[in-house]
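Here is what each chain is made of, one letter per residue.
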Amino acid sequence: MTSCTHLDTITVTELPEEVAGCEDCLREGGVWLHLRICLACGHVGCCDDSPNRHARAHAEGGEHHPIIRSLEPGEEWCWCFEDELAMLIPQITGQTRIPPSPML
Ligand SMILES: [Zn+2]
Ligand SMILES: [Zn+2]
Ligand SMILES: [Zn+2]
């Protein structure tokens, strides 16, 4: 069985109460579809179906922050970009209020 070897990069175990949207899209004037949070630093980025794929760009940005969690309501999955592995991490608590996607 494949497993993620990057769990020690996780420092964010409590999700923020509310976020304004994809940090990079907000700064650049872009739009996002779904939101993901970096579990190493709390960076909020957008999914691979968004035009700018900021969550992936952050994960591949050289800071070694490979694991994201979905911030979409009702979604609890995490994803490791390096292992290309989906997983559930029960230690992550909280639920984040997010604004509606500007693309919808
Ligand atoms: Zn991993
Ligand atoms: Zn974005
Ligand atoms: Zn990060």
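Residues numbered from 1 in each chain as written. Chains lettered and ligands numbered in written order. Predicted model: local features only at pLDDT ≥ 70, side-chain atom pairs only at ≥ 80, totals over all residues. Heavy atoms only, no water.

Colleague: I'd like a rundown of the coordination of the zinc ion (ligand 3), residues and numbers included.
Modeller: Every protein donor of the zinc ion (ligand 3) is listed here as Cys 38 (SG), Cys 41 (SG), His 58 (NE2) and His 65 (ND1), and their distances to the metal cover 2.0 to 2.3 Å. Around the zinc ion (ligand 3) sit 4 donor atoms, and with donor-metal-donor angles ranging over 105 to 114° the site reads as tetrahedral. All donors to the zinc ion (ligand 3) come from one chain, and their sequence spacing reads C-x2-C-x16-H-x6-H. One end of the pair, Cys 41, is in the loop between strand E1 (35–38) and strand E2 (44–46); the other, His 58, is in helix H2 (residues 54–59), and 17 residues separate them in sequence. (Donors = N, O, S within 2.8 Å, 3.2 Å for Na, K, Ca; no water. Tetrahedral: all angles 85-135°; square planar, octahedral: opposite > 155°, others 65-115°. Helix = DSSP H or I, 4+ residues; strand = E, 2+ residues; numbered from the N terminus.)

Colleague: Quick rundown of the coordination of the zinc ion (ligand 2)? Include the residues and the values.
Modeller: Within the protein, the zinc ion (ligand 2) binds to Cys 22 (SG), Cys 25 (SG), Cys 46 (SG) and His 54 (ND1); these donor distances fall in the range 2.1 to 2.3 Å. Geometry at the zinc ion (ligand 2) is tetrahedral, judged from its 4 donor atoms and the angles of 101 to 116° they form at the metal. Each donor residue of the zinc ion (ligand 2) belongs to the same chain, and together they define the spacing C-x2-C-x20-C-x7-H. Of the two residues, Cys 22 sits in the segment before helix H1 (23–28) while His 54 sits in helix H2, which places them 32 residues apart along the sequence. Of the two residues, Cys 22 and His 54, both sit in the buried class. (Buried < 20%, exposed > 50% of the residue type's maximum accessible area, 1.4 Å probe, protein only.)

Colleague: Report on unusual backbone geometry, specifying residues and quantitative values.
Modeller: For residues that are not glycine, phi is negative in most cases, and the peptide bond is trans in most cases. At Arg 53, a position not held by glycine, the phi torsion is positive, near 45°. You will see that His 64, though not glycine, has its phi angle at about 60°, which is positive. With respect to the helices and strands, His 64 occurs in the loop between H2 and strand E3 (67–70). For His 64, a relative accessible area of 39% corresponds to the partly exposed category.

Colleague: Give a detailed account of the pairing of E3, specifying residues and quantitative values.
Modeller: Each regular strand carries side chains that alternate between the two faces of the sheet. Across the two faces of E3 the burial is the same, with Ile 67 and Arg 69 and Ile 68 and Ser 70 all buried. Taking the residues that link successive antiparallel strands as the turn, the E3-strand E4 (residues 77–80) hairpin has 6 residues, and the phi of Gly 74 there is positive, at about 85°. (Pairing = 2+ DSSP bridges.)

Colleague: Could you give an account of the nonpolar core, with specific residues and numbers?
Modeller: One broad trend across soluble globular proteins is that nonpolar side chains are buried collectively. Leu 35, Leu 39, Ile 67, Leu 71, Met 87 and Ile 89 are the most contacted members of the largest nonpolar core, which has 21 residues in total. Among the elements of the structure, E1, E2, E4 and strand E5 (85–88) are those that each provide at least two residues to this core. The contacts of Leu 71, once residues within four sequence positions are left out, are Leu 15, Val 19, Leu 35, Arg 36, Ile 37, Val 44, Thr 96 and Ile 98. (Core = buried A, V, L, I, M, F, W, Y, C linked by side-chain atoms within 4.5 Å. Contact = heavy atoms within 4.5 Å.)

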